[in-house]
Each structure stands twice: as C-alpha cells, then as structure tokens.
Amino acid sequence: MACYSLRRSSLLLLLVLASLCIQGLQAQTSEPALTQVKAVLALADDVAATETKMARLRGVVMDVSARGDEFTLHDGDACLSIAVVSGNPAPTWGSEVEIEGTVFSEPFFERKRTRVKIGKLAVIGPGKLPEAKPVNVKDASLFKHLDQWVSVEGTVLQVRSSMSLFTIQLSSGSASCNVLVRDWPRDAVPRDWIGGRVRVSGVNRAYLPGSNFFCLVTPSSTQVTVIKTGVVEPMDAPATTVGALIKSGVAKPERIKLSGTLLGATQGNVYYARGDDGGAFSFYMLHPIDEDKSGRFSTPIIMPVCKPGDVLEVVGIPGRVKPGVHLDFGVVRVIRSGPPPAPTPSTIASILEGNHVHDLVEVEGQLLSLDDVLVAPGRWRTTMRLGADDHKITASLDATSRGVLNHLQRDHLLRIHGVVTGAPHFPEVRLWVPSPDDLESQGVATDVVTRRLWTGLGITVIVALMLAGWALMLRRSRKIVRELNASLETRVAERTAELAAAKDDLARALSQERELNELKSRFVSLVSHEFRTPLGVTMSAVELLRHFGSRITPEKNTELLEDIFSSTLQMSGLMEQVLLLGKAEAGKLSWHPMLLNLPDVCRRLVDESLAASHNRCPINLTTEGDFKGLLMDESLLRHIIGNLLSNAVKYSPESSPVEFSLRREADEVTLIVKDRGIGIPPADQARLFEAFHRASNVGDTPGTGLGLLLVKHCVELHNGRVAIESQKGFGTTFTVHLPVQSEPFEKPTQD
C-alpha cells in the first residue's frame, strides 16, 4: 500500500512539473501586448491585417459614435479608434478607461486605418481631457490626422442645427471642412456667426463610415470657442470693387461684396462676372449644408439660378488677386435681369500679358490645331490652338456631342467671343467659348495665302534650276567613261563581297570548332564527374552486399540500398535533364497552357524543394496581386522554379533563408528568387545560360551546368525574359518576367 502511494505521489509531481514547463514555454513564446497608442499606429498595414497583435491601453474617451459601436481613446500621446463588439455598452465621453483587444486594419477611402477591436473594458473614473493639436483646415479635410484629437480655426461660412447635432462649415483660404458638434443646446443656436471666426477641438474622422462630409467630430459645445462674431444676414459684407482689390494686391481671408453682371458659367460651376467698375472676377457658389431642408435651423444660404446678363451681388472670400480676382464660397443675390453683356475687343498678345482676366472678350486668331476629347460621359471638349503675331493661346468649347466644330479648317482666321480664364481654375491663361455660335470663320488667313504663294514659287524655281543643271551634266559626261567606271566598280564590289563572305565563313567555322571542342570538354568533365561518382557509390555498395551480405546488419543493409537508390536517382535526373534539353534544342519542347492557380503551384514546388534538400535552407514565399485566370504551362513552370530554387538552396550556407516572391503587375507575372549564397563572378555571368558551363567558384558542389539553360528555354516558350543580379560572396537574384495571357499565343519557331 505504501509503495502504491509513493508511485501515485511521484506521478502527480511529474504532472505538476510538466504543467509548469508548458506554461513557462508559452510565456516565453507569446508576444507581449502593446501598451502605447503610438506603438499600435506604427504597425505595418500587413501586420495589423493579420489580427494577431494584442493591445492593452489606458486613456481618456474623447468621442463616442452615435450608435455606440466606436469610441476614440487618447493615452496622452496619441488617439486610436476602438471598435466595440456588438451587444457591449460603450463608455461615456471624458471617462478614463482601460481596454484590452486585438489590433486590426480596415480600408479608409484610399488608405488603411489601424484600430483595436475591444475584448475587455474597465471604466476607471472621470478623466482629464488632453490639449488638442492645432492643425489647418485643409489637412483636416484630407484626414491627414485621422482619429487624432486636433483643433482647427477658420471663418464660419454657414451653420445648421438639427435636434442635438450642430454643424459648422469653416474655411481657411480655399479649403473648407464641416464640423459636427454633439449635445448642442437647442435654445442656444447662434445667428450672428456668418463671417466670424471660431476655434473647434475634436476628433479628425468621418461621422459616417465611407463619408467625408464631416471631417471633425466634437463631443460637446464646450470645445467650441468664438474668437470673433459675424453677421446675421449672409449678404452683409463690406462692398468693394475689382480695381480696389487688384490695387491692394493682398487677398485677406475676410468676406467682401462685389457687384457685377454675369458673363457665363462653365461646366465646372465656375461663374464669371464683369464688375460695376469694368473689372472682371470669377467665383464659386457656396452649397448649403441642408439641401434637403431637414434642419431645425440653418443659415439662409441659397443658390439662385443665374443666366448671362443678370446683375448680381456676390459675397465671398477673396482667393486670388493679380492678375485676376476670384471669390471662394460665394453667396449670390440676383438684383435684376438684363441683356447679355457685349464682349470687350482685345488681342491674343494683350490677353497673354494678363489683361482682361475673367472678362468676356472678342479676339481674332489663326486656327493652328483642333482636337476633340471625351472628358465625361456625354461631354466632349474641343480644344483649339490659336495664333496671331507669334503669340499662341488655347481655347476650349464643351459640347454634348463630338465634332461640333469639324466645319472649321486649319489656317482659317477665327473671330471668337470667349471668357479669359486663368488661376485658380487653369495653370495658364486660356479662352473659354460658351457655345459654337461664339465662333466665326473669316476664311483662310491673308498671311497664310501669301506664304503659300511664295512657297510654291520658290519650289518651282528650285526645281527648274535642278533640272537645268542635271541636263547640263548629262551632256558633258562621257558614255564610255561612265560604263567603264561602272563595270570596274561592279567587279571590285563583287570581289570585295566574295572576300568578305569567305572571311566571315572562315571565322564562323573557327568559332564553331572552338565552341564544339569546349562543349565536348565540358561534357566529358560532366560524365566523368556526375556519372562516375554515383556509379562508384553504387559499385561499392553492390560489392559490399555481394561479399559481406550475410554479415551486414539490417541497418547497414538499408543504408547501402538507400545509397544505390540515391545514386540511381541522381543519374536518372541527370539523364532526364539531358534528354529534356535535347528536346528543347531540337524545337520539340512544346507549350501547353492551362488555367492554373499560380500561388498554389509555387507553394507545392517550395515544399518539394524543402523535402529534396532535407530542409537545408528555409524558403520564404510571398505573393502580391491578383492571380485569377492565368494561362500557363505548369510543366514548364516546374522546370523554371524548381531549378532556380534548387540552385539557391545548393549554393547557400546551411539555414540561410531563400526569398521567393511572386508578383502580378498589370499584364505580367514576376518571379524573384533571391539567395545569400556564394554569388556568381562577373566573368561567369555572361555564360551562365550555356550548356555544361558552371561558375568558377562552385568548388566541389555537384551540378551539371544544364539547369539554367533549361530555365532559359522554358521562359522563352512563355514569351518571357529572365535577368540576373549577383555579386560574388553576397548572393544571387534571378528575376523572371512572364506575360499574362487569357488565350494561347503563337510561339516562335525553334530551328
């Protein structure tokens, strides 16, 4: 009984020790959780996408989504978006929490967004809000500080109140952003903010997934600071003139009012007007926040329907002066309607000097070129190049169909009514033509007619002089001398050609003889080494089995049989390579494409190479791109990839990793095999693809010198190309480019 108790105690002790060892090993191999937001944000997108990294964070809740499925955590250095699992409550704004969860990555517009999916949540208590980082309006609108606690300052364009949500549209320069403020008091709607300045602190993120309508979300009205109040009426602003703005030369970020007559509007909603003082200006209309009129209160912003000839008042923020005046975020009021304004006469030279920017002008110019381009569905743009007095300008006309100006001829003189456009709409001064009726052809330009007449006369004179000279030379030449010279030159040329041909044939024969001798020498060396070694091993094993079979142990017997099998397999593989190369050289190696999953093929070849080399070197396979619908020959691919991986492992130090990458780019697949082995001397790189040739630094490493030549043939059958980069002692990189085909293509004939 005592012996049984002793055995039971020993067994329990062993189980406890094994459990402790397993826990110790698990503690050593598991990665520690990330404890800083900056460390989470610093993870690469591909690492975050694996959802294997854990995070344990502590910080203050800066914002909670309306649906409670997301909140923003600030740990004192940076912010991070936290995803709440469905069914779990979200913490309140301003509380200090400690969370534990999994890091993941998801698309956000055209880039990736790193977040944490919450697993555990503990509310510690009220937290202290950190200071917001000041950023500009443009960066906030582009989400350059995504999920971060920032503050922006700008001019108020309009506001909107709906229930407890309050929206502010801010501008700074030509950039604007919409700010959403939560929990805004319903009885504290401001009506005198238009044109004023406010500073708002909030989280730089979209209010709704996939929407950039809001780019700053503020959790409370306490984060909004009024720096300067504005006006109640949107049209209240200091009145000025285009001339006064150009004279000042400075575009202040304050709302001003201009009056003028509308000249027209482009397809891109750029409006042009001629001011009361004769100066012209352009403007963009401000779109109201609540086009659906669903807000409880909104700034009374309207977008009137305007037509050329309407007298307008435009209130906006100057975006540019000198040479032209432009207003951003324009609020417009139609005073009265009138006839379309008359164009101002001008010249191309005057326009290029910066005169009449944004004004309607009448100019004449010679048509140098005309092109039609589809810029949008159902919208064609005709671009014309006009010239006058060595000055050139571009004019454009938008239409719903192609070829509306095909009746115009090159070198015709055109009279055009158009608006002079420039910055900020175009990088250069241009003419915008409102309609085809604003172009009129005056016929072929006078200078073109004159130039054509003089050109024709000059050509006629030159041809006449050449004919006269040629006739005079014919008369003075002697027929006999000409024939003798021609005969002599013919015989000399024929003799020279014969000698050159004989010399080329001799040189070619000598070169072929040298190449044949060298090939024979390499083949003899191959046979003597690659066949003699396995034959010797086989012969030795057979002799041992014949004479000492009865005394050999089973283990030794198995070892000798394995040696015979390995040697036979080695010779068989060598013969297979030689026969396959012979088929390729004879043009009998064919290409049989089929739909295949290229990444799966590559993985099988990696596994086969690891098994064949007894896991001598790890092979790291990476893929990038879409590999669906590929037509390739799997047999040829096996020769290409198998030989490259075999060489990489064979000439690399043991345990040295081999990098194998597979990438799809447009209509081409790229295979890259990179090792850190002995490398290839520069003198041997030019001859790597010759039969039986091996690099001078391979030493006693076995090889046939046929693998790379077979790779070259298989790549060429795919209409591809192979390249090599190598440095002695630092490894070799083979890059294979194979075109992607959706149907079989015709192969080049092999002689």
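Residues numbered from 1 in each chain as written. Predicted model: local features only at pLDDT ≥ 70, side-chain atom pairs only at ≥ 80, totals over all residues. Heavy atoms only, no water.

### Remarks on the overall build of the protein
- A tally of helices and strands in the protein yields 13 helices and 32 strands.
- A buried classification covers 40% of the 751 residues belonging to the protein.
- Carbon and sulfur atoms make up 56% of the accessible area of the protein, which totals about 41700 Å². (Helix = DSSP H or I, 4+ residues; strand = E, 2+ residues; numbered from the N terminus. Buried < 20%, exposed > 50% of the residue type's maximum accessible area, 1.4 Å probe, protein only. Areas by Shrake-Rupley, 256 points an atom, 1.4 Å probe, with all protein chains shown as cover.)

### Regarding the environment of Pro 126
- Relative to the helices and strands, Pro 126 is located in strand S5 (residues 111-126).
- Classification of Pro 126 by relative accessible area gives exposed; the value is 79%.
- Through-space distance from the C-alpha of Pro 126 to that of Gly 94 is 6.2 Å; in sequence the pair is 32 residues apart.
- In this structure Pro 126 touches Gly 94, Ser 95 and Glu 96, once residues within four positions along its chain are discounted. (Contact = heavy atoms within 4.5 Å.)

### Considerations on the environment of Val 84
- Tracing the sequence through the fold places Val 84 in the loop between strand S3 (79-83) and strand S4 (95-108).
- In this structure Val 84 comes out as buried when scored by relative accessible area, which is 11%.
- Each residue touching Val 84, except ones within four places of it in the same chain, is listed here: Gly 68, Asp 69, Glu 70, Phe 71, Pro 89, Ala 90 and Ile 118.

### A look at the side chain of Arg 205
- Here Arg 205 is to be found in the loop between strand S10 (197-203) and strand S11 (216-218).
- A distance of 2.8 Å separates a polar atom in the side chain of Arg 205 from a polar atom in the side chain of Asp 63. (Polar contact = N/O pair within 3.5 Å; in protein donor to acceptor, adjacent residues only side chain to side chain.)

### Considering the packing of helix H11 (residues 634-650) against helix H13 (residues 707-717)
- Between H11 and H13, the shortest axis-to-axis distance is 9 Å and the interhelical angle comes to 145°. Two packed elements cross with a definite hand, and for H11 against H13 that hand is left-handed. Contact residues: H11 offers Leu 636, His 639, Ile 640, Asn 643, Leu 644 and Asn 647, while H13 offers Gly 707, Leu 708, Leu 710, Val 711, Cys 714, Val 715 and Leu 717.
- When the residues that make up the contact of H11 with H13 are grouped by side-chain class, the tally is 9 nonpolar, 4 polar and no charged. (Axes fitted to C-alpha atoms, helices over the stretch in contact; angles between N-to-C directions. Left-handed = near helix turned anticlockwise from the far one by under 90°. Nonpolar A, V, L, I, M, F, W, Y, C, P; charged D, E, K, R; others polar.)

### Comments concerning the pattern of salt bridges
- Under the criterion given, the structure shown has 30 salt bridges.
- The residue Lys 144 makes a salt bridge to Asp 139 at a minimum N-O spacing of 3.6 Å.
- Between Asp 398 and Arg 379 there is a salt bridge, with the nearest N and O atoms lying 3.0 Å from each other. Linking Asp 398 in strand S22 (residues 391-399) with Arg 379 in strand S21 (residues 379-388), this pair joins segments that are 19 residues apart in sequence.
- Under the relative-accessibility criterion, Asp 398 is labelled buried at 15%.
- Arg 379 sits in the partly exposed class, given a relative accessible area of 21%. (Salt bridge = Lys/Arg side-chain N within 4 Å of Asp/Glu carboxyl O.)

### Remarks on the sheet that holds strand S14 (residues 271-275)
- Read around the barrel, 5 strands follow the order S13-S14-S15-S18-S17 and close on themselves; strand pairing throughout is mixed. Here the average twist between neighbouring strands, direction ignored, is 55°.
- Relative to S14, strand S13 (residues 256-265) runs antiparallel, the two being bridged by 5 bridges. Bridge pairing links Leu 262 to Ala 273 in S14. (Pairing = 2+ DSSP bridges.)

### Considerations on unusual backbone geometry
- A positive phi angle, close to 70°, is found at Asp 147, a residue other than glycine.
- By the element assignment, Asp 147 lies in the loop between helix H4 (137-141) and strand S7 (149-162).
- We note that Asn 615 has phi near 55°; this positive angle belongs to a residue other than glycine.
- Position of Asn 615 among the secondary structure elements: in the loop between helix H10 (598-612) and strand S27 (619-624).

### Description of the confidence of the model for the protein
- Taken as a whole, the protein shows an average pLDDT of 82; of its residues, 83% reach a score of 70 or greater.
- Here residues 24-29 scores under 50 on pLDDT; set against residues more than four positions off or in separate chains, the count is 0 contacts.
- The low-confidence segment residues 744-751, where pLDDT is below 50, has 17 contacts with residues more than four positions distant or belonging to other chains. (pLDDT = per-residue confidence, 0-100.)

### What about the packing of aromatic side chains?
- Scanning the entire structure with this criterion turns up 7 aromatic pairs.
- Aromatic side chains Phe 108 and Phe 143 sit 5.2 Å apart centroid to centroid with 85° between the ring planes, which places their arrangement in the edge-to-face category. Of this pair, Phe 108 sits in strand S4 while Phe 143 sits in the loop between H4 and S7, placing them 35 residues apart in sequence. Judged on exposure class, the residue Phe 108 and its partner Phe 143 are both buried.
- Aromatic rings pair up to connect Phe 166, Trp 184 and Trp 193 into one cluster.
- Its guanidinium or amino end placed over the ring of Phe 104, Lys 117 lies 5.6 Å from that ring's centre, counting from NZ or CZ. (Phe/Tyr/Trp six-rings, centres within 6.5 Å; stacked < 30°, edge-to-face > 60°. Lys NZ or Arg CZ within 6 Å of the ring centre and 35° of its normal.)

### Let's talk about H10
- Taking 1.5 Å of rise per residue, the 15 residues of H10 would be expected to cover 21 Å, and the 21 Å separating its terminal C-alpha atoms lies within 8% of that figure.
- Of the residues making up H10, those classed as buried are Leu 598, Pro 599, Val 601, Cys 602, Leu 605, Val 606, Ser 609 and Leu 610.
- Directly beyond the C-terminal end of H10, a positive phi value near 55° is found at His 614. (Expected span 1.5 Å × (residues − 1).)

### Section: the pairing of S14
- For S14, the buried fraction is high: 5 of the 5 residues fall into the buried class.
- The antiparallel hairpin formed by S13 and S14 contains 5 residues in its connecting segment, where Asn 269 sits at a positive phi of about 60°.
- With 4 bridges joining them, S14 and strand S15 (residues 280-285) adopt antiparallel strand pairing. Of the residues in S15, the one forming a bridge with Tyr 271 is Phe 283.
- Hairpin geometry of S14 and S15 is characterised by an intervening segment of 4 residues between the two adjacent antiparallel strands and by a positive phi of about 95° at Gly 278.

### Concerning the sheet that holds strand S29 (residues 658-665)
- Overall, mixed pairing links the 5 strands, which are arranged S27-S29-S30-S32-S31 in an open sheet. Bordering the open sheet on either side are S27 and strand S31 (721-726), each of which pairs with just one other strand. Each strand axis lies, on average, 15° off the axis of its neighbour in the sheet, ignoring direction.
- Note that S27 and S29 share 6 bridges and pair parallel. Looking at the pairing, Glu 624 lines up with Arg 663 of S29.

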